[in-house]
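Analysis of the macromolecular model
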Amino acid sequence: MKHCIIVKFKNDVPDKEAIVSDARKLFSCLEGKHGIRKVSVYRNCVDRTNRYDMMVAIEMDCDSLDAYDKSNEHMKWKSEFGCYIESKAIFDYED
């Protein structure tokens with residue numbers, strides 16, 4: 001399963017690149033834990049107001065979502081990065 005988090009930062013965020021870099025560091029710690037095989041963090045290459053800024057794609061076992069949701073990394077994501085987020089969309093799929 002792929003678990004995607006698509007994020008729009010608030011307009012007043014001063015350094016989006018730094019936040020993306022910090023998110024990469026945080027999410028990379030998940031690889032090999034909680035049934036997670038691979039994590040990729042992407043920065044949108046088109047900077048327009050109607051675009052989202054970042055996408056996190058996590059490849060995991062289908063039954064690993066609950067463990068991920070309860071992980072320290074996910075809790076840190078919510079507590080430390082939530083103040084930068086205007087909106088987000090979560091999309092899960094299997095290919």
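Shown above is the structure to which this text applies.
Let me sum up the structure you'll find in this document. Quick caveat, the model's predicted, so the values are computed rather than measured.

Another aspect to go through is the pattern of salt bridges. Going through the model one piece at a time under the given rule, you end up with 7 salt bridges. Residue Arg 43 is joined to Asp 53 by a salt bridge in which the shortest nitrogen-to-oxygen separation is 3.7 Å. Remark: Asp 53 occurs in the loop between strand E2 (36–43) and strand E3 (54–60) and Arg 43 occurs in strand E2; sequence separation between them is 10 residues. Asp 53 gets classed as buried once you look at its relative accessible area, which sits at 3%. It is possible to trace a salt-bridge network through shared partners that takes in Lys 16, Glu 17, Arg 43 and Asp 53.

Moving on to helix H1 (residues 16–28). Given a rise of 1.5 Å per residue, 13 residues ought to cover 18 Å, and the 18 Å separating the end C-alpha atoms of H1 matches this to within 8%. Three or more residues of H1 are buried, namely Lys 16, Ile 19, Val 20, Ala 23, Leu 26 and Phe 27. Along H1, the residues classed as buried sweep out an arc of 125° about the axis, all on the same side. Looking at the buried side of H1, the elements it contacts are strand E1 (2–9), E2, E3, helix H2 (65–70) and helix H3 (72–81).

Turning our eyes to something else, we now look at the sheet that holds E2. What the 4 strands build is an open sheet, ordered E2-E3-E1-E4; its pairing is antiparallel. Either end of the sheet is taken by a strand with one partner, and the two such strands are E2 and strand E4 (85–93). Ignoring which end each strand starts from, the neighbouring axes of this sheet average 15° apart. As paired strands, E1 and E3 are joined by 6 bridges and run antiparallel to one another. Residue Val 7 lies in a different strand from E3, and its bridge partner there is Met 54. Contacts from H1 reach E1, E2 and E3, with the element oriented near 175° to E2. Packed on one face of the sheet, H3 meets E1, E3 and E4 and runs near 155° to E4.

Thresholds, definitions, all that
- Residues numbered from 1 in each chain as written.
- Predicted model: local features only at pLDDT ≥ 70, side-chain atom pairs only at ≥ 80, totals over all residues.
- Heavy atoms only, no water.
- Salt bridge = Lys/Arg side-chain N within 4 Å of Asp/Glu carboxyl O.
- Helix = DSSP H or I, 4+ residues; strand = E, 2+ residues; numbered from the N terminus.
- Buried < 20%, exposed > 50% of the residue type's maximum accessible area, 1.4 Å probe, protein only.
- Expected span 1.5 Å × (residues − 1).
- Arc of directions from axis to C-beta.
- Contact = heavy atoms within 4.5 Å.
- Pairing = 2+ DSSP bridges.
- Axes fitted to C-alpha atoms, helices over the stretch in contact; angles between N-to-C directions.

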